[in-house]
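# Fold and contact review
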Amino acid sequence: MAKITIFPLAPEGTQVSQFVHLHVHSDYSICDGASKIDTLIARAKELNMPAIALTDHGNMFGVLNFEHICHANGINPIVGEEFYVAYGSHKEQNPVPYGSGKKKYFHLILLCENETGYKNMCWLSSIAYKDGFWSKPRIDLELLEKYHEGLICLSACIQGELPQLLLNDMDEEAKQLALKYKKIFGPDHYYIEIQDHGLPEQRYANEKMIRLGRELDIPMVLTNDVHYCNKEDAEAQNALCCIGFQQLLDDPARRKMGDGRAEWYLKSESEMRSLFPDLPELISNTIKIANMCNLTIPQYKTQELKDCLPRFQLTEQFCTHGDDYKSDQDDYVRYLVEEGLKKRYGEITQEIRDRTEYELGIIFQMGFSGYFLIVWEFINWAKSTWDNVNNCPKHYIPIGPGRGSGAGSIVAYAMTITDIDPIRYKLIFERFLNPERVSMPDFDVDMDFDYRQEIIQHTRDLYGNNNVGHIVTFSTLKATQVLKDVARVPQDFHANEKEVHYERYDAVQMTIHILGIYNWCVQNKGKIPAYIRLLNIVWDYDCDEYHVEEKEGLEYIGFANLTFRNLFDELGVKFKVEYVRYSDFLNRVDWTNSQERKKYLKRYESKVKENE
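Report on the accompanying structure. (Residues numbered from 1 in each chain as written. Predicted model: local features only at pLDDT ≥ 70, side-chain atom pairs only at ≥ 80, totals over all residues. Heavy atoms only, no water.)

## Describing the overall build of the protein chain
For the protein chain, the helix and strand inventory stands at 21 helices and 16 strands. Looking at the protein chain as a whole, 53% of its 612 residues qualify as buried. Of the accessible surface of the protein chain, which amounts to about 28,100 Å², a share of 49% is contributed by carbon and sulfur atoms. (Helix = DSSP H or I, 4+ residues; strand = E, 2+ residues; numbered from the N terminus. Buried < 20%, exposed > 50% of the residue type's maximum accessible area, 1.4 Å probe, protein only. Areas by Shrake-Rupley, 256 points an atom, 1.4 Å probe, with all protein chains shown as cover.)

In structure tokens form, the structure reads like this:
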């Protein structure tokens, strides 16, 4: 787990806040939220708030870190998400037929009341990405009916369906929608959300929502749509949005927060009370909701993770121990290792034998034979020219020689999981696996980027779709990148490859401010080039927040340099990565010279034939 900071207590004499923020965005609301989770929690503690929510746009990436830091600082973490709700089915691409701009979705806030709610939120978030992605990951009312248990629902900001209906004077439709949500979540779990950032449309919708809440006996709650921590961060957050949407600050067509742009920060109780002094229940309901939420995110221990791994299917020859599947796996691993040692070394010295027995003893003791077999299977399948799952020919897929601590295992070397001799290079096995490090082992497997998806599909075919999944990775705004990106935002800023010219003093000040609050903030996300989850567990948070023992899986890393196999294919030469001399290929061969190319390929091809 990332290092957790214990923040200073609230100044002496500060009363416990009777208001809790329930609508808060961190930098995981990518290029929209401008505060790191630590900063938000530190400010909440300074204001002596007993709880705080995290409701990032369309994801739960930060919730694990958020929950740990809150608990460490004596604050009740309210785990949530601002979901995107489709108009109609989440599987259909239906634009909203009313309002300006023909929107594709509405916003909706969901908060976890307990562990059941957390699991349901995980399912909703996963389904939104898997089945409902259209511009944004979307859910629908049918999914909410199925996964509503343990969740508290807020009607969201001005972009929610309820305020949008009211803004378009569709009051009867808004009334029916509110009743529908009240029926789904129950009378104490659906709240009409009231906000006031100084926007005229908010105030117009608020009047109608307050009347509607009283008429339908639906409780209301006051929130501030927090996008940055402090009021003075407004301009910097504005610049971040421009960076994210590749727009200019002065562009009249770009998305803006309006005249109330400076009001979207983490306000104090007194600032929030001043908004609706005649409606104290809007404040007290934040405490009521906070008291309803009591969640500690469940995390799997290593043994539980091993139990979640799919079973590698052994042949009948090795199913000799009845129901003792572990012993069968151990026997098969030993068989593969013994055969592999003969091919790798020919003569098996006492040093090799002792090292092998030592490693096998630890692998068997810790119960990781099945893990080794899973890795061995897909690597063996990739290098083969026959698809044993679909029973048809296939092409050879290059696999790298192995990287990371896994390259220190002679067992992995014998099983051809890696191609680096740990005896020759004096590599240490204990860095990869040892009884004192009770954690899942981790192989880094490089493969031809162009054919990585075929290996993923093979894994799905073998173990089922429910046992294979992607995770995402993030890039962050570092100091140099901030300088370059901010230079693109104002109209009278410009940059070239060598230098950045600052033509306004306030622009320089903005840059310094952004460097202060954005350094290391999340800039964007994308599919990691390689991480496959072989566990039937829903994941939706930043894996950087894991201890290594809590991060399990097989890394399928698409390695661009392995795609040079295409050159061999074009020339009609059978390609195998283990016979490529990288120094020749990358440094000594002039591939623009046809004679040199033919000479190298001839030498290479003779090496392939020699080893077949």
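## Quick look at the packing of helix α12 (residues 325–345) against helix α14 (residues 369–383)
In contact at an axis separation of 9 Å, α12 and α14 are set at 50° when each is read in the N-to-C sense. With respect to their mutual orientation, α12 and α14 come out oblique. Two packed elements cross with a definite hand, and for α12 against α14 that hand is left-handed. Contacts from Gln329, Asp330, Tyr332, Val333 and Leu336 of α12 reach α14 at Ser369, Gly370, Leu373 and Trp376. In terms of residue class, the contact of α12 with α14 is made up of five nonpolar, three polar and one charged. (Axes fitted to C-alpha atoms, helices over the stretch in contact; angles between N-to-C directions. Parallel < 35°, antiparallel > 145°, perpendicular 65-115°, else oblique. Left-handed = near helix turned anticlockwise from the far one by under 90°. Contact = heavy atoms within 4.5 Å. Nonpolar A, V, L, I, M, F, W, Y, C, P; charged D, E, K, R; others polar.)

## Some remarks on the environment of asparagine 380
By secondary structure assignment, the location of asparagine 380 is in helix α14. C-alpha of asparagine 380 to C-alpha of isoleucine 399: the two residues are 19 residues apart in sequence and 9.5 Å apart in space.

## Here we look at the pattern of salt bridges
Opposite charge on two side chains lets them pair, provided their charged atoms get close. In this structure the tally under the stated criterion is 21 salt bridges. Its salt-bridge partner being lysine 36, residue aspartate 27 comes within 3.3 Å of it at the nearest N-O pair. Using a relative accessible area of 1% as the deciding quantity, one classes aspartate 27 as buried. Taking the relative accessible area as the measure of exposure, lysine 36 reaches 28% and is therefore partly exposed. (Salt bridge = Lys/Arg side-chain N within 4 Å of Asp/Glu carboxyl O.)

## Comments concerning the packing of aromatic side chains
Applying the stated rule across the entire model yields 20 aromatic pairs. With a centroid separation of 6.1 Å and an interplanar angle of 25°, the aromatic rings of tyrosine 98 and phenylalanine 106 are classed as stacked. Pair check on accessibility: tyrosine 98 and phenylalanine 106 agree, each one buried. Aromatic rings pair up to connect Tyr358, Tyr371, Phe372, Phe429, Phe432 and Phe443 into one cluster. In this arrangement the basic side chain of lysine 394 is found over the ring face of tryptophan 381, its NZ or CZ atom lying 4.6 Å from the centre. (Phe/Tyr/Trp six-rings, centres within 6.5 Å; stacked < 30°, edge-to-face > 60°. Lys NZ or Arg CZ within 6 Å of the ring centre and 35° of its normal.)

## Observations regarding the side chain of histidine 197
Considering the arrangement of structural elements, one finds histidine 197 in the loop between β7 (190–194) and α7 (200–216). Taking the relative accessible area as the measure of exposure, histidine 197 reaches 1% and is therefore buried. Within the structure, the side chain of histidine 197 is placed 3.3 Å from the side chain of asparagine 224, a separation counted as a polar contact. Of note is the side chain of histidine 197, whose polar atom sits 3.1 Å from the backbone nitrogen of aspartate 225. (Polar contact = N/O pair within 3.5 Å; in protein donor to acceptor, adjacent residues only side chain to side chain.)

## Describing the side chain of histidine 25
Its location among the elements puts histidine 25 in the segment before α1 (37–46). Histidine 25 sits in the buried class, given a relative accessible area of 0%. In terms of polar contacts, histidine 25 uses its side chain to reach the side chain of serine 29, at 3.0 Å.

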